[in-house]
Amino acid sequence: MGQWEVFLSPYRQAVDELKIKLKGMRSQFGIMSANSPIEFVTGRVKPLASIYDKSFDKGIPFEPNPRLGNELQDIAGVRIMCQFVDDIATVTELIHQRNDMKVIEEKDYITHSKPSGYRSHHIIVEYPVETIQGRIVVVAEIQIRTLAMNFWASIEHSLNYKYKGIFPEEIKNRLQSAAEAAFRLDEEMSSIKSEIHEAQAYFSEVKEATNTAIHKSTDKEERES
């Protein structure tokens, strides 16, 4: 096993564990028949090529050592998607209340969006993982954003690769306009949040009743055959 594989192993473990725990929070809301502020959770370990690029930009030696892990706080990254803007504050508070990770930094790009139009709430945490060599504390980044914010960020990320960070003025302006349009959409959806939740609850009840009826019908046919 190479040095990089050994170095990144705790980060992969941290991402896997964080995804399970955060998805578990979503399931708990479902068990309590409450609306979950978490829509879905994804995660990744930063590819080596991206680690190299970022370490080069920061003037950090591209070496698998603790300094690199402390300077690059997003080697382990988890993303939480929410339906509504105010869900982001709820999820943030839930993370602060946990005892299995320690929040060490926060960046609010929703109240104060980046010049590009980027919006998201970033939380940097220290998360301990248990390995056969003992406990290792990993620094990880948790991004919390709405579905609309995530769509915009995904497009901007792709264009960033194409233009290598230097956008033509027209593209730059259109991205900023699209970011504002996405945020207005979020605000409009938030204004009818209760109606949306009622519709989703009704759909779930109808779906569950239909599935129950199908199962009963199938069981009856099997007994009679």
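Our structure's up above, just so we're on the same page.
Presented here is a report on the structure given in the accompanying data block. (Residues numbered from 1 in each chain as written. Predicted model: local features only at pLDDT ≥ 70, side-chain atom pairs only at ≥ 80, totals over all residues. Heavy atoms only, no water.)

Below, the discussion takes up the packing of aromatic side chains. Within the structure shown, the criterion is met by 7 aromatic pairs. Judged by centre distance (5.7 Å) and plane angle (85 degrees), the rings of W4 and F7 are edge-to-face. Remark: F7 and W4 occur in helix α1 (residues 3-31); sequence separation between them is 3 residues, near one turn of the helix. Neither residue differs from the other here; W4 and F7 are each classed as buried. Geometrically, the ring pair formed by Y109 and Y118 is edge-to-face, given 6.0 Å between the ring centres and 65 degrees between the ring planes. One aromatic cluster is present, built from ring pairs that chain together W4, F7, Y11, Y52, F56 and F62. (Phe/Tyr/Trp six-rings, centres within 6.5 Å; stacked < 30°, edge-to-face > 60°. Helix = DSSP H or I, 4+ residues; strand = E, 2+ residues; numbered from the N terminus. Buried < 20%, exposed > 50% of the residue type's maximum accessible area, 1.4 Å probe, protein only.)

This next bit is on helix α6 (residues 169-191). Taking 1.5 Å as the rise per residue, α6 with 23 residues should run 33 Å; its terminal C-alpha atoms sit 33 Å apart, in good agreement. Within α6, the full set of buried residues consists of L175, A179, A182, F183 and D186. (Expected span 1.5 Å × (residues − 1).)

Counting residues in each nonpolar core, the largest one holds 36 residues, and the members touching the most others are Y11, I75, I80, I95, I142 and I144. It is α1 that contributes the most residues to this core, 9 residues altogether. Once you skip the residues sitting within four places of it in the chain, I75 turns out to touch F7, L8, Y11, R44, V45, K46, I51, L68 and G69. One finds Y109, Y118, W152 and L175 within the second-largest nonpolar core, a separate group that totals 7 residues. (Core = buried A, V, L, I, M, F, W, Y, C linked by side-chain atoms within 4.5 Å. Contact = heavy atoms within 4.5 Å.)

With that settled, consider a nonpolar patch on the surface. Taken together, the side chains of L48, Y52, F56 and F62 define a hydrophobic patch exposed on the protein surface, amounting to about 400 Å² of accessible area. Tracing the chain through its elements places Y52 in helix α2 (residues 48-58). (Patch = residues over 30% accessible without salt bridge, like charges linked within 9 Å, V, L, I, M, F, W, Y side chains within 5 Å. Areas by Shrake-Rupley, 256 points an atom, 1.4 Å probe, with all protein chains shown as cover. Salt bridge = Lys/Arg side-chain N within 4 Å of Asp/Glu carboxyl O.)

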